[in-house]
There are 2 protein chains.
Amino acid sequence: MAASPSRHDVFQAIADPTRRQLLRLLGDQEMSVTVISGHFPMSRTAVSKHLRILAEAGLVKGRKVGRETRYRLDPEPLLELKQWLAYYERFWENKMAMLKHYVESGKLDGAEPAASLKAVQPTKKE
Amino acid sequence: MAASPSRHDVFQAIADPTRRQLLRLLGDQEMSVTVISGHFPMSRTAVSKHLRILAEAGLVKGRKVGRETRYRLDPEPLLELKQWLAYYERFWENKMAMLKHYVESGKLDGAEPAASLKAVQPTKKE
DNA sequence: ATTTTATGACACCTTTTGGTTTCATGTCAA
DNA sequence: TTGACATGAAACCAAAAGGTGTCATAAAAT
């Protein structure tokens, strides 16, 4: 499935639900592959391959302890994601500003703001 | 390629580099499919399918204007990503705390902190 | 020394992805 | 009305993803 090192980036790595679960699991504690596999409804081999992909992305680190390999989370690569996401902050700000405007001008009633966000930017006919 | 509505989530949507470029592009301004395609080295149809996936994830909205469809960014679903990411803040804090400890104990010199983060948690032999 | 356990490497299979080209349809312009 | 343009849908394809089972090997336990 995976061949050359670091063929997977953070974005790909977190795209899979199983791998996101793995990250959650490994944040709490270091665990061996077999123990980790116990938490998933798939084969140990499959889990192992997910771990490999996460490792390629730098999101987990494996450490050999006798005959077992223990994996743990390394959150550092998530910073890239955080930075990528930061770019879009300004758009949220815009949305909030527009929402505020609409609310103040009485075009929106007191409906739950979060649900209203999607409708804030009007689909203006041209 | 895609059949049922909303078969793609945000994590999958942003996993592809082309789609991330699309988001960047559509943040600045609303654009028609043909114009968008001009920015990419692939066929218009291919771009159109990426747009579809982004739309399924709610990240872009399409609006028909005469014979063309103009797409624009909708950053709202990125909030889910932001929340997911927020969970890992505490790990960064831990890392920073550990880094601070190491620096103060003189085990790390004044080397660039960002580059040192990966080495902060020592691979302790058991 | 022998056996069991933990893991990674392989070979293999099916589905999904990302891309292509072609075609049908709706809209705009002459 | 006729023709050009914009787009989405469909059929097709190669490669990657996600899974399986088997096997080889190293370490532990008996």
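Reading guide: rules and limits
Residues numbered from 1 in each chain as written. Chains lettered and ligands numbered in written order. Predicted model: local features only at pLDDT ≥ 70, side-chain atom pairs only at ≥ 80, totals over all residues. Heavy atoms only, no water. Axes fitted to C-alpha atoms, helices over the stretch in contact; angles between N-to-C directions. Helix = DSSP H or I, 4+ residues; strand = E, 2+ residues; numbered from the N terminus. Left-handed = near helix turned anticlockwise from the far one by under 90°. Contact = heavy atoms within 4.5 Å. Nonpolar A, V, L, I, M, F, W, Y, C, P; charged D, E, K, R; others polar. Core = buried A, V, L, I, M, F, W, Y, C linked by side-chain atoms within 4.5 Å. Buried < 20%, exposed > 50% of the residue type's maximum accessible area, 1.4 Å probe, protein only. Pairing = 2+ DSSP bridges.

Q: How should I be thinking about the packing of helix 5 (residues 78-86) of chain A against helix 5 (residues 78-86) of chain B in this particular structure?
A: How two helices pack is summed up by the angle between their axes together with the distance between the axes. Relative orientation of the contacting elements helix 5 of chain A and helix 5 of chain B amounts to 145 degrees, with a least axis distance of 11 Å. Between helix 5 of chain A and helix 5 of chain B lies a crossing whose hand is left-handed. Contacts between helix 5 of chain A and helix 5 of chain B involve Leu78(A), Leu81(A), Lys82(A), Trp84(A) and Leu85(A) from the first element and Leu78(B), Leu81(B), Lys82(B), Trp84(B) and Leu85(B) from the second. Within the contact of helix 5 of chain A with helix 5 of chain B, the residues separate by chemical class into eight nonpolar, no polar and two charged.

Q: What exactly am I supposed to notice about the nonpolar core here?
A: A general feature of soluble globular proteins is that nonpolar side chains tend to end up buried together. In this structure, Ile36(A) and Ile36(B) are the most contacted members of the largest nonpolar core, which totals 54 residues. Not counting chain neighbours up to four residues away, the residues in contact with Ile36(A) comprise Leu22(A), Leu25(A), Leu26(A), Met31(A), Val47(A), Leu51(A) and Tyr71(A).

Q: Help me out: how do you make sense of the sheet that holds strand 2 (residues 60-65) of chain A in this one?
A: Residues and elements named next belong to chain A. On the basis of which strands lie adjacent, the open sheet formed by three strands has the order 1-3-2 and antiparallel pairing. Only two strands of the sheet have a single partner each, and these edge strands are strand 1 (31-32) and strand 2. In this structure, strand 2 lies alongside strand 3 (residues 68-73), joined through six bridges in antiparallel fashion. Its bridge partner being in strand 3, valine 60 is matched across the sheet by leucine 73. Against the sheet, helix 2 (residues 17-28) contacts strand 1, strand 2 and strand 3, and its axis sits at roughly 95 degrees relative to strand 3.

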